[in-house]
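Summary of the model geometry
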Amino acid sequence: MWQSQTIHNAQNNKENQAQRNDDRLMTLGMTSAISAAPPKPSDLIKTKELEESLKPFDVFETDQELRKRMLILGELYRLVKEWIKDVSIRRNMPESIAEHVGGKVYTFGSYRLGVHNKGADIDALCVAPCHIHRSDFFTSFYELLKQQPEVTDLRAVEEAFVPVIKMNFDGIEIDMLFARLSLKEISDTMDLQDDMLLKHLDQKCVRSLNGCRVTDEILGLVPNKDNFRLALRAIKLWAKRHGIYSNALGYLGGVSWAMLVARTCQLYPNAASATLVHKFFLIFSKWQWPQPVLLKKPSNVNLGFSVWDPRYLTNLALENKEAIETLTSGQTNCFRWAEERSKRLQPQISVVCKPKDNLSLGKIAFNILNSTSLTHLPVIRHRLGNESAALKTYEKEKRIIVVNIQDRYHLMPIITPAYPQQNSTYNVSQSTRTIMMEEFKVGLQITDDIMVGKSSWDKLFEPPPFFMKYKHFIVLLVMADTADDHLEWCGLVESKVRLLIGNLERNQYITLAHINPESFPMLESQKEPNSHCSMWFIGLEFAKTENLNVDLTRDIQMFTETVNNHAISIQMLKTGMTLEARHVKRKQLSQYLSPGLIKRERKSSITNKAQTNGTHETRKRISNEAIIPEGDLPNKKTRLSEEITPHFDESSNNSINNDSSSNLSVSESEHNISVNTSTPINPTNAATTQEAVCT
């Protein structure tokens, strides 16, 4: 009897444990799961097929290649320890103590997530104790790397938003960041997830640490890491093949795609990878942007760093007494205060202050921050609705209220889970969002067919015919005399192309500006001897208006001047570096692209049109058959994409922008498009001019 009772209790405990696990999974993330159903045998078969379809694209490394990466990281770790010890001794630290101050190398990004491709780079972070400075990293450590025979293509980008040393270490590209903690020693077991480690750090260190902290948070917020990784590999490959993988150009980067897949895993915690890929397209083809995607509730930590918040921010403001005394103590102090704040605050902020006597501090701040010396910080005094509401909030918070205006206008906010929370997609524009939303919808149609056996996974990874989609293009030609100059010059231009997209979007006659993330080499027959040239193509769609004449000269000139001025300011512009913009019709592409590429695109376009027409005919036939009485029809399975659920709501904020799917295509004969593009970016002042008229 006692034995049977024991068995019964054990069974109850097992069931209770299973129930607790289900409850935990159901509440993982911001909302409860849509479905916690286990995978069906057919889902596991589809997952196996998905894994096999990924292998030809080299998304998996061999054990030997993985071991090589670990050896390289071990050698890098040894160099970091050696460097920190040497710097410590040079600063009069006893050698016995310098031996134990530590230092560590962390990884983040695709390698840390376990989804890197063959030959992919490694994102690494060097963490050092408080007596090691950033200047040491970019001088003495840089020199140490120079001495290593395995290190080639070494370059330091100290002026970047996140300063980095780039290198090729024994055949593997490595991007290495630096962070200095407010600690005397860095142990080998240091966990970077502790928010208090950020206390007293500067913004560059916080940004450098953010990659590791976000990556580890993502891994900790998914219910099944193996399913997450396979699904993420598939989504990343799909995004790259469809030309929507590039944070710099206004699409989504690796961390953003990882967070979208992680959110899908939270909503379907027990689903197989194939199901997760299908549900990914289902969820985000219907997502009500700019409703944010969140993996967890934002933390309440307040260490003085800016966090994403479309409402208001108080954590960067000065205490009320100090602020009032500073702002009312004279014009000199006012400017000193404003200049100090401008260095720490993000661009696009506003300040609301409490009036004192008859003097409005809000007005003082408005005048200060709109002065000629601080024009990069536009101010709107009462962003909280009205003065009364602003003052009530001020009394409650006892602070000046700092409102981050820019957060309100992000188009596809995907918020990082680690403090300080940031929007990883702030570069997304109207055009890139439109393009990605269309790709989500096409991806849903394809995976619908895959899951019911009408198509294979190969179809999902077929690249769309970009050059057959548009009739007009802007071609950016980036040229330099040497390979090293060309690499550096291309990096700068690529980081600024999204500004040109913004200029084009503001043109009332342009409905879409589609940048292709892939750069193309210039044809040998067109290239000058001993020169290096890369080209980016921007497809344009124009409004349907008869006798339209569009002049894009100013839009392009603003872009080239911005690139030119930035290159001069960082002393990067060299002789031979040129940037040229040309307007090109589709029929002129043969002058820029190889015949093989154009032929493949044309063939792909014809195939896609035939399949689309076939799909339309099938749908039309099904629609006509709908008049048959229900009793005469066989039982049919509900279409997979009809699964609509209210669980997508992750925020009480309503959608600001309402997407429309209007037809943007135009007839070429409806336009007379005049484009004058000049190239002022040339150290020899030999500007070239290109004129083109499209009829």
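Residues numbered from 1 in each chain as written. Predicted model: local features only at pLDDT ≥ 70, side-chain atom pairs only at ≥ 80, totals over all residues. Heavy atoms only, no water.

Under an unreviewed UniProt entry, the name given to the chain is Poly(A) polymerase, and the source organism is Rhamnusium bicolor. Checking UniProt for the chain, the heading Function (unreviewed entry) contains the comment "Polymerase that creates the 3'-poly(A) tail of mRNA's." According to the UniProt record, the Catalytic activity (unreviewed entry) comment for the chain reads "RNA(n) + ATP = RNA(n)-3'-adenine ribonucleotide + diphosphate". (UniProt positions renumbered as here; feature names shortened; annotations may be inferred.)

**A word on the overall build of the chain**
Secondary structure summary: the chain contains 19 helices and 16 strands in total. With 695 residues in all, the chain has 48% of them scored as buried. For the chain, the share of sequence-separated contacts (at least 6 apart) that also reach a separation of at least 24 residues comes to 75%. A total of about 34,700 Å² of accessible surface is found on the chain, and carbon and sulfur atoms cover 49% of it. (Helix = DSSP H or I, 4+ residues; strand = E, 2+ residues; numbered from the N terminus. Buried < 20%, exposed > 50% of the residue type's maximum accessible area, 1.4 Å probe, protein only. Contact = heavy atoms within 4.5 Å. Areas by Shrake-Rupley, 256 points an atom, 1.4 Å probe, with all protein chains shown as cover.)

**Let's talk about the confidence of the model for the chain**
Chain-level statistics for the chain give a pLDDT mean of 77 and a share of 70% at 70 or above. This stretch, residues 1–7, has a pLDDT under 50; its non-local contacts, to residues over four places away or in other chains, come to zero contacts. Within the model, pLDDT remains below 50 along residues 615–671, and this stretch shows 79 contacts once partners closer than five positions in the same chain are excluded. (pLDDT = per-residue confidence, 0-100.)

**Remarks on the UniProt feature "binding site: ATP" (unreviewed entry) in the chain**
Using the residue numbers shown here, the UniProt feature "binding site: ATP" (unreviewed entry) corresponds to Phe108, Gly109, Ser110, Asp121, Ile122, Asp123, Asp175, Lys236, Tyr245, Gly254 and Val255. Relative to the assigned elements, Asp121 resides in the loop between helix H5 (109–113) and strand S2 (122–128). Looking at the secondary structure, you find Tyr245 in the loop between helix H8 (225–241) and helix H9 (254–267). Setting aside chain neighbours within four positions, we find Tyr245 in contact with Lys236, Ala239, Lys240, Tyr251, Leu252, Gly253, Gly254 and Trp257.

**With respect to the packing of aromatic side chains**
For the coordinates displayed, the defined rule picks out 29 aromatic pairs. Ring geometry for Phe467 and Phe520: centres 5.6 Å apart, planes at 65 degrees, overall edge-to-face. You can see Phe467 sitting in helix H16 (residues 466–469) and its partner Phe520 sitting in strand S12 (residues 520–521), a full 53 residues away along the chain. Overall, Phe467 belongs to the buried group, its relative accessible area being 3%. On the accessibility criterion, Phe520 (9% relative accessible area) is buried. Taken together through their ring pairs, the aromatic side chains of Trp238, Trp257, Phe280, Phe281, Phe284, Trp287, Trp289 and Phe440 make up a single cluster. Directly above the ring of Phe161 sits Arg207, whose terminal nitrogen or CZ lies 3.8 Å from the centroid. For Lys240, the ring lying beneath its charged end belongs to Tyr245, and the centroid distance is 4.9 Å. (Phe/Tyr/Trp six-rings, centres within 6.5 Å; stacked < 30°, edge-to-face > 60°. Lys NZ or Arg CZ within 6 Å of the ring centre and 35° of its normal.)

**Topic: the pairing of strand S10 (residues 472–480)**
Burial runs high along S10: nine of the nine residues are buried. Going residue by residue along S10, you find His472, Ile474, Leu476, Val478 and Ala480 tucked away on one face and Phe473, Val475, Leu477 and Met479 tucked away on the opposite face as well. Where S10 meets strand S14 (residues 578–585), eight bridges bridge the pair, whose relative direction is antiparallel. By the bridge assignment for S14, Val475 is matched with Arg582. (Pairing = 2+ DSSP bridges.)

**Regarding the UniProt feature "binding site: Mg(2+) 1" (unreviewed entry) in the chain**
As annotated in UniProt, the feature "binding site: Mg(2+) 1" (unreviewed entry) corresponds to Asp121 and Asp123 in the numbering used here. Judged by relative accessible area, which is 29%, Asp121 ranks as partly exposed. Leaving out residues up to four positions away in the same chain, Asp121 has contacts with Arg69, Glu173 and Asp175. Note on placement: Asp123 falls in strand S2. When its relative accessible area of 18% is taken as the criterion, Asp123 is described as buried. Leaving out residues up to four positions away in the same chain, Asp123 has contacts with Tyr106, Thr107, Phe108, Gly109 and Asp175.

**Structural notes on the sheet that holds S2**
Two modes of strand pairing occur in sheets, parallel and antiparallel, and in both the strands are linked by backbone hydrogen bonds. With mixed pairing, five strands are arranged side by side in an open sheet as S1-S2-S5-S4-S3. Every interior strand has two partners, whereas the edge strands, strand S1 (104–108) and strand S3 (151–157), have only one. Here the strands of the sheet are splayed against their neighbours by 25 degrees on average, with no regard to which way each runs. Here S3 pairs with strand S4 (residues 164–169) via five bridges, running antiparallel. Paired with Val157 across the bridge in S4 is Val164. Seen against the sheet, helix H3 (residues 63–90) touches S1, S2, S4 and strand S5 (172–180) and runs at an angle of roughly 35 degrees to S5. The strands touched by helix H7 (residues 203–220) within the sheet are S1, S2 and S5, with S5 carrying the most contacts at an inclination of about 120 degrees. (Axes fitted to C-alpha atoms, helices over the stretch in contact; angles between N-to-C directions.)

**With respect to the environment of Arg582**
Position of Arg582 among the secondary structure elements: in strand S14. Polar side-chain contacts of Arg582 include one of 2.8 Å to the side chain of Glu580. (Polar contact = N/O pair within 3.5 Å; in protein donor to acceptor, adjacent residues only side chain to side chain.)

**Points about the side chain of Asn516**
Position of Asn516 relative to the elements: it lies in the loop between strand S11 (510–515) and S12. For Asn516, the side chain forms a polar contact with the main-chain nitrogen of Glu518, separated by 3.0 Å. Not counting residues up to four positions away in its chain, the partners in contact with Asn516 are Phe466, Phe467, Trp536 and Phe537.

**Concerning the nonpolar core**
Among the nonpolar cores identified, the biggest contains 112 residues, and Phe228, Trp238 and Trp257 are the most heavily contacted of them. Counting residues per element, this core draws most heavily on H8, which supplies nine residues. Beyond its immediate stretch of four places on either side in the chain, Trp238 contacts Ile244, Trp257, Phe280, Phe281, Glu439, Phe440, Leu460 and Phe461. Among the nonpolar cores identified, the runner-up in size contains 31 residues, and Trp83, Val87, Val105 and Phe141 belong to it. (Core = buried A, V, L, I, M, F, W, Y, C linked by side-chain atoms within 4.5 Å.)

**Here's the deal with the environment of Ser285**
Relative to the elements of secondary structure, Ser285 occurs in helix H10 (residues 273–285). Residue class for Ser285 comes out buried when judged on its relative accessible area of 11%. Taking the C-alpha atoms as reference points, Ser285 and Val442, 157 residues apart in sequence, are found 8.8 Å from one another. With residues up to four places along the chain from it excluded, the contact list for Ser285 reads Met437, Phe440, Lys441 and Leu444. Polar side-chain contacts of Ser285 include one of 2.7 Å to the backbone oxygen of Phe281.

**Describing the pairing of S5**
Burial within S5 is extensive, with seven of its nine residues counted as buried. Here S2 runs beside S5; their pairing, made up of seven bridges, is parallel. Considered in S5, the bridge of Val127 is made with Ala179. Taken together, the five bridges between S4 and S5 define a ladder with antiparallel strand orientation.

**A short note on the pattern of salt bridges**
Using the criterion set out here, one finds 19 salt bridges in the structure. Note that Glu75 and Arg78 form a salt bridge whose closest N and O atoms lie 2.5 Å from each other. With Glu75 and Arg78 both in helix H3, this residue pair falls three residues apart, about one helical turn. We classify Arg78 as partly exposed; its relative accessible area is 39%. (Salt bridge = Lys/Arg side-chain N within 4 Å of Asp/Glu carboxyl O.)

**Points about the packing of H10 against helix H15 (residues 430–451)**
Where H10 contacts H15, the axes come no closer than 8 Å and their chain directions differ by 140 degrees. Between H10 and H15, the interaxial angle falls into the category oblique. In the packing of H10 onto H15, the handedness of the crossing is left-handed. Contacts between H10 and H15 pair Ala274, Thr275, Val277, His278, Phe280, Phe281, Leu282, Phe284 and Ser285 from the former with Met437, Phe440, Lys441, Gly443, Leu444, Thr447, Asp448 and Met451 from the latter. The class makeup of the residues in the contact of H10 with H15 is ten nonpolar, five polar and two charged. (Parallel < 35°, antiparallel > 145°, perpendicular 65-115°, else oblique. Left-handed = near helix turned anticlockwise from the far one by under 90°. Nonpolar A, V, L, I, M, F, W, Y, C, P; charged D, E, K, R; others polar.)

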